[in-house]
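Notes for the structure review
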Amino acid sequence: MSDLPECPQCGLSNVYDDRDQRVCPDCGHEWPAGAASEDAGGAVVRDSNGNPLAAGDTVVVVKDLKVKGSSIPLKQGTVIRNIRLVEDDPEHIEGHSDKIKGLVLKTQFLRKA
Ligand SMILES: [Zn+2]
């Protein structure tokens, strides 16, 4: 159980956990545990290749998809511009194609453009 990071302030590795704090005994620096390894916003949204997606990104649909409430399928290769992330749901994004507005898409069927 010694996967603790080095102290970001002095670089020494005598760091220990004190409840949810990391403490460096050498320089006295304290910081919240996990801050370096996880984004504060929770889970990272990733495309089918594992690349992180952010709001405003452009993505491409990697396979033909049925769209709920629409008779028009979403074709492979469709470009979705200016995506929005879904809060607390890293498996979906929202966006518009040229033909269909208000899409909610599974990130596993998308690839960052
Ligand atoms: Zn230190």
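The model shown is predicted, which means the values in this text are computed figures rather than measured ones. (Residues numbered from 1 in each chain as written. Predicted model: local features only at pLDDT ≥ 70, side-chain atom pairs only at ≥ 80, totals over all residues. Heavy atoms only, no water.)

Looking at the coordination of the zinc ion
The criterion, for reference: Counted as coordinating are nitrogen, oxygen and sulfur atoms within 2.8 Å of the metal, or 3.2 Å for Na, K and Ca, while water is not included, which may make sites look incomplete. Tetrahedral means four donors with every angle between 85 and 135 degrees, whereas square planar (four donors) and octahedral (six donors) require angles over 155 degrees between opposite donors and between 65 and 115 for all others; sites fitting neither are termed irregular. Three labels apply to residues, based on accessible area from a 1.4 Å probe with only protein chains included: buried if under 20% of the type maximum, exposed if over 50%, partly exposed otherwise in between.
Within the protein, the zinc ion binds to C7 (SG), C10 (SG), C24 (SG) and C27 (SG); these donor distances fall in the range 2.2 to 2.3 Å. Here the zinc ion binds four donor atoms, and the angle range of 107 to 116 degrees at the metal identifies the geometry as tetrahedral. Sequence positions of the donors to the zinc ion reduce to the motif C-x2-C-x13-C-x2-C. You can call C7 buried: its relative accessible area is 3%. Assessed through its relative accessible area of 35%, C10 is described here as partly exposed.

Considering the sheet that holds strand β1 (residues 16-18)
Applicable threshold: At least two bridges found by DSSP between two strands are what make those strands a pair. Under the DSSP-based scheme used, a helix requires at least four consecutive residues in state H or I and a strand at least two consecutive residues in state E, with every element numbered from the N terminus. Under this scheme, a helix contributes an axis fitted over its contacting stretch, all axes are lines through C-alpha atoms, and angles between N-to-C directions fall in the 0 to 180 degree range.
Here three strands make up an open sheet; going across it, the order is β1-β2-β3 and the pairing antiparallel. At either margin of the open sheet sits one strand with a lone partner, and together these are β1 and β3 (30-32). Each strand axis lies, on average, 35 degrees off the axis of its neighbour in the sheet, ignoring direction.

Remarks on the confidence of the model for the protein
Counted only if it meets this: Think of pLDDT as the predictor's per-residue confidence, scored from 0 to 100. We call two residues contacting when some pair of their heavy atoms lies within 4.5 Å.
Looking at the protein as a whole, the pLDDT averages 87, with 90% of positions reaching at least 70. Contacts from residues 36-40, a stretch scored under 50 in pLDDT, to residues over four places away or in other chains number one contact.

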